Amino acid sequence: MTDLTADEARRIILRAQGLLGAAARAGGVPAMLRRVGAVQLDTISVLARSHELVAYARLGAVGRDAVERAYWDAPARAFEYWCHAACVLPIEQWPLYDFRRRAFRERRFRWHEVPPVVDKVLEQVRSDGPLTTADIGGAKNGGPWWDWSDTKIAIEWLLDIGEVVCTRRVGWRRVYELAERAIPAELLGLDLSDAECVTRLTGIAGRALGVATRADLTDFTRVRGAHAALLDEALLSGAAGLVPVRVSGWPARRGAGADGPNAWADPAALDGEPRGRHRTTPLSPFDSLIWERARAERVFGLNHRLEAYVPRDKRVHGYFAMPVLAGGRIIGRVDPAREGATLVARQVGFEPGARARDVEAMSDALWEAASWVGCTGVRVERVGTPELEAPLRAAVARDPR
């Protein structure tokens, strides 16, 4: 068993996530997607949508068209499905979700009862596809966001069970196509057991996370019950390809004792000390580096939650506050917006213990992000760390790149 300090684990995690070292940028967006294993989707768009921000965080000012092509292109290189949440996944992972598609089919319910119109919708896709919800009758009945039309419920159910697939979006709308027409035949023909699916996905999660607790792995794959038991078997047998490690300062694993392993690691990630340049970048709250709150606090000391759905007067850090990574640490947060050609930092806050170099890093992060989204100016409105307000404003003013 390998012993790791918390700092060593953090650096391994950063390298695994493509945020430390130049090698992580090789291969562009498609390679980045395979490295992180899953990119979470979300409807909120401030500087850009979250799936674009994930690529930017790792690759810098990559063209936004290149990001879209890597996710949604023809022939398909990726597809959308349920992993940690609704995610873009490399096309090679299609067979690995057979276990989840089978579970949905058996339950015949998720958020809504499956309506009788489902067979008719499937035939419509078969005869006229690929189609959007607009093509099959619209997505909503006119009520709240969850008040879906029968055709929307039907097409999403068909996606859940794998009859249709989304490998492309147009104007942020999913385009649904028959899986048999969109998924390569060599992937469509694989027939994996639940155990094989969960075992392979556990390995993918472990390699993407670098060092992870069991809770981190089950959060990534969102398995529970019998499927979580399969994950445990894959870990304990070694079938997932991960090895037990003990990270100092991380909580003990139940039943393992104080001196026992409390996490799992990709053996390749343990081979050699992580070296190279750290990325300085704002992170989407949905970035896999920090998407799970307990892990973000354990690895970075970051207690963060999305406040977009919190009443304005109760927000602490802002509507879409983005943690800022620099030097392998979270140095602060920024709540961004755009006004014409100006990136507006509506609120900036620094983490406790921030130093002068963190002020410069925050300024660099703001200006680089502004350039990426086509802004030519940066304006800081509010700074929540009073002693660093003047230095930050001066640093931002000095950097009109």
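On a predicted model such as this, the values are computed, not experimentally measured, just so you know.

Peer 1: When you look at the sheet that holds strand S11 (residues 322-326) in this model, what are you seeing that I'm missing?
Peer 2: Working definition: the strands of a sheet are paired by backbone hydrogen bonds and lie parallel or antiparallel to each other. As summarised here, the arrangement of the 5 strands in space is S10-S11-S12-S13-S14, forming an open sheet in which the pairing is mixed. The two strands at the open ends of the sheet, each matched to only one other strand, are strand S10 (281-282) and strand S14 (377-380). Note that strand S12 (residues 329-339) and strand S13 (residues 342-350) share 8 bridges and pair antiparallel. Among the inter-strand pairings, Asp335 is bridged to a residue of S13, identified as Gln347.

Peer 1: So what exactly am I meant to see when it comes to the pairing of strand S8 (residues 243-247) here?
Peer 2: Walk down a regular strand and you will see the side chains alternate between the two sheet faces. Bridge count between strand S1 (residues 2-4) and S8: 3 bridges; the pairing is parallel. Looking at the pairing, Thr2 lines up with Val245 of S8. As paired strands, S8 and strand S9 (residues 263-265) are joined by 3 bridges and run antiparallel to one another. The residue of S9 that forms the bridge with Pro244 is Trp264.

Peer 1: Help me understand empty space enclosed by the protein, please; the structure alone is not making it clear to me.
Peer 2: Over the atoms rolls a probe the size of a water molecule, and its path tells where empty space is left. Tallying each qualifying case throughout the model produces 2 cavities of 30 Å³ or more. Of the pockets and cavities examined, the largest cavity occupies roughly 80 Å³. As for the largest cavity, its lining consists of Arg110, Trp111, His112, Val114, Trp148, Ile153, Glu156, Trp157 and Asp160. A breakdown of the residues in the lining of the largest cavity according to their chemical character gives 5 nonpolar, 1 polar and 3 charged. Roughly 30 Å³ of volume is contained in the second largest cavity. Around the second largest cavity, the lining residues are Leu47, Pro282, Met322, Val334, Pro336, Leu343, Ala365, Leu366 and Ala369.

Peer 1: Explain the side chain of His227 to me, please; I cannot follow it from the model alone.
Peer 2: Tracing the backbone shows His227 in helix H12 (residues 226-237). Among residues more than four places away in sequence, those in contact with His227 are Phe99, Ala103, Asp194 and Val198.

Peer 1: Is there a simple way to explain the nonpolar core in this structure?
Peer 2: The nonpolar side chains of a soluble globular protein tend to be buried with one another. In this structure, Tyr97, Val164 and Leu217 are the most contacted members of the largest nonpolar core, which totals 58 residues. Considering every element that reaches this core, the biggest residue donor is helix H10 (residues 194-209), with 7 residues. Those residues in contact with Leu217 that lie beyond four places of it in its chain are Thr202, Ala205, Gly206, Leu209, Ala212, Leu231, Leu235, Leu242 and Trp264. In terms of nonpolar packing, the next biggest core, distinct from the first, is built from 36 residues, Ile44, Val324, Ile331 and Val380 among them.

About the criteria used
Residues numbered from 1 in each chain as written. Predicted model: local features only at pLDDT ≥ 70, side-chain atom pairs only at ≥ 80, totals over all residues. Heavy atoms only, no water. Pairing = 2+ DSSP bridges. Helix = DSSP H or I, 4+ residues; strand = E, 2+ residues; numbered from the N terminus. 1 Å grid on protein atoms, 1.4 Å probe; cavity = no way out; pocket = protein on both sides within 12 Å on 5 of 7 lines; lining within 4 Å. Points joined across faces, edges and corners; volume = space filled by probe spheres on them. Nonpolar A, V, L, I, M, F, W, Y, C, P; charged D, E, K, R; others polar. Contact = heavy atoms within 4.5 Å. Core = buried A, V, L, I, M, F, W, Y, C linked by side-chain atoms within 4.5 Å. Buried < 20%, exposed > 50% of the residue type's maximum accessible area, 1.4 Å probe, protein only.

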